[in-house]
Amino acid sequence: GREFDVDQAALAMSPYVDAGLTTFDMADHYGSAEVVAGIFGDRAERLTKWTPKPGPISRDDVREAGERSMTRLRTDRIDLLQFHTWTYADPSWLDALFHLQDLKREGLIRHIGVTNFDTAHLRVAVRSGIEIVSNQVSFSVLDACAGGAMAAFCLAHKVRLLAYGTLLGGFLSEAWLGREEPDWSRLPTWSQMKYGRFIRATGGWEAFQLLLRRLDEVAVKHGVTIPLVAERAILDNEAVAAIVVGAR
């Protein structure tokens, strides 16, 4: 029932930029994110996403989506537009990328990226001539699938990984070290509910506590925290350009 103040939200970006965190990741469907970033202005690099509904995608659909994001961001060129598809069964996902390539040639998009693409479909897109610079994927010390064939393909074709989920919604921290298994049905955030499923699928709470203890050993040795160790482990992968960390 509260009214969201986009102007105050834009002001809240300043401390991050002042601290050197000058790139923000958002999407057309992340609430008012693009509007907030647009109010803040071009002091920061702004990465956004486009997630169309399944079905045919025309050139006009792509242009409309790009122009809508540019209007919200108050810019005449998007730094990085990341395309996400819900299904590869409909080949319109490749049509969309060709249309985005046209917008890039016109100068409306600086770079094209994708999100959550698997290696096979990223290979199809790259070999079709789409100038993809990044693939945003889940990548952490628990969920390390992207470090295999995906990382190798990216290194070979000058595509970089943007890694999200590096802290599993906050589970990879001292706050959960030595804790009893939570009630999975009563977690406070959508992010924790999501990554709670990851934990249960990769060995359960006991195995996760073992991982936390190992991370803590490294953290204590170097005088840092568990999150910093977990983040550095992913940043050290040569295919990773950056990690995407959410803050509350």
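It should be noted that the structure appears before, not after, this text.
Report on the accompanying structure. (Residues numbered from 1 in each chain as written. Predicted model: local features only at pLDDT ≥ 70, side-chain atom pairs only at ≥ 80, totals over all residues. Heavy atoms only, no water.)

Remarks on the pairing of strand β6 (residues 160-164)
Thought 1: Within β6, four of the five residues are buried, which leaves it mostly tucked inside the rest of the structure.
Thought 2: Pairing analysis gives five bridges linking strand β5 (residues 132-138) to β6, with the strands arranged parallel. Bridge pairing in β6 links Val137 to Ala163.
Thought 3: As for the winding sense of the linkage, the β-α-β connection from β5 through helix α7 (residues 149-157) to β6 is right-handed. (Buried < 20%, exposed > 50% of the residue type's maximum accessible area, 1.4 Å probe, protein only. Helix = DSSP H or I, 4+ residues; strand = E, 2+ residues; numbered from the N terminus. Pairing = 2+ DSSP bridges. Right-handed = clockwise from strand over helix to strand, strands pointing away.)

Structural notes on unusual backbone geometry
Thought 1: Positive phi, close to 60 degrees, is recorded for Lys158, a residue that is not glycine.
Thought 2: Within the secondary structure, Lys158 is located in the loop between α7 and β6.
Thought 3: Since its relative accessible area comes to 74%, Lys158 is described here as exposed.
Thought 4: A positive phi angle, close to 50 degrees, is found at Leu168, a residue other than glycine.

A few points about the side chain of Asn237
Thought 1: Secondary-structure assignment places Asn237 in the loop between α10 (226-235) and β7 (240-244).
Thought 2: Among the polar contacts listed, one links the side chain of Asn237 to the backbone nitrogen of Ala239, at a separation of 2.9 Å. (Polar contact = N/O pair within 3.5 Å; in protein donor to acceptor, adjacent residues only side chain to side chain.)

Concerning the packing of aromatic side chains
Thought 1: All chains considered together, the criterion is met by 14 aromatic pairs.
Thought 2: Ring geometry for Tyr88 against Phe117: centres 5.4 Å apart, planes inclined by 85 degrees, an arrangement best described as edge-to-face. Of this pair, Tyr88 sits in the loop between β3 (78-83) and α5 (92-106) while Phe117 sits in the loop between β4 (109-115) and α6 (119-127), and the two are 29 residues apart along the sequence.
Thought 3: Here Tyr195 and Phe198 contribute two aromatic rings whose centre-to-centre distance is 5.1 Å and whose plane-to-plane angle is 80 degrees, an arrangement assigned as edge-to-face. With Tyr195 and Phe198 both in helix α8 (residues 190-201) and three residues apart, this pair spans about one turn of that helix.
Thought 4: Taking relative accessible area as the criterion, Tyr195 reaches 5% and is therefore assigned buried.
Thought 5: When its relative accessible area of 23% is taken as the criterion, Phe198 is described as partly exposed.
Thought 6: Within the aromatic cluster, the residues linked to one another by ring pairs are Trp50, Phe83, Tyr88, Trp93 and Phe117. (Phe/Tyr/Trp six-rings, centres within 6.5 Å; stacked < 30°, edge-to-face > 60°.)

Some remarks on the pattern of salt bridges
Thought 1: Under the defined criterion, the tally for this structure stands at 12 salt bridges.
Thought 2: A salt bridge links Arg43 to Asp18, with the nearest nitrogen and oxygen atoms 3.0 Å apart. In this pair, Arg43 is assigned in the loop between α3 (33-40) and β2 (45-50) and Asp18 in helix α2 (residues 14-18), connecting sequence segments 25 residues apart.
Thought 3: Relative accessible area serves as the criterion here: at 44%, Arg43 is assigned to the partly exposed category.
Thought 4: We classify Asp18 as exposed; its relative accessible area is 60%. (Salt bridge = Lys/Arg side-chain N within 4 Å of Asp/Glu carboxyl O.)

Side note on helix α9 (residues 204-222)
Thought 1: The terminal C-alpha atoms of α9, which comprises 19 residues, lie 28 Å apart, in line with the 27 Å expected from a rise of 1.5 Å per residue.
Thought 2: The inward-facing, buried residues of α9 contact α8 and α10.
Thought 3: After α9 finishes, the residue Gly223 shows a positive phi value of roughly 65 degrees. (Expected span 1.5 Å × (residues − 1). Contact = heavy atoms within 4.5 Å.)

So, the environment of Trp184
Thought 1: Turning to its location among the elements, Trp184 is positioned in the loop between β6 and α8.
Thought 2: Taking the C-alpha atoms as reference points, Trp184 and Gly147, separated by 37 residues in sequence, lie 28 Å from one another.
Thought 3: Apart from the residues within four sequence positions on either side, Trp184 is in contact with Phe171, Gly196, Ile199, Arg200 and Trp205.
Thought 4: Among the polar contacts made by the side chain of Trp184, one reaches the side chain of Glu181 at a distance of 2.6 Å.

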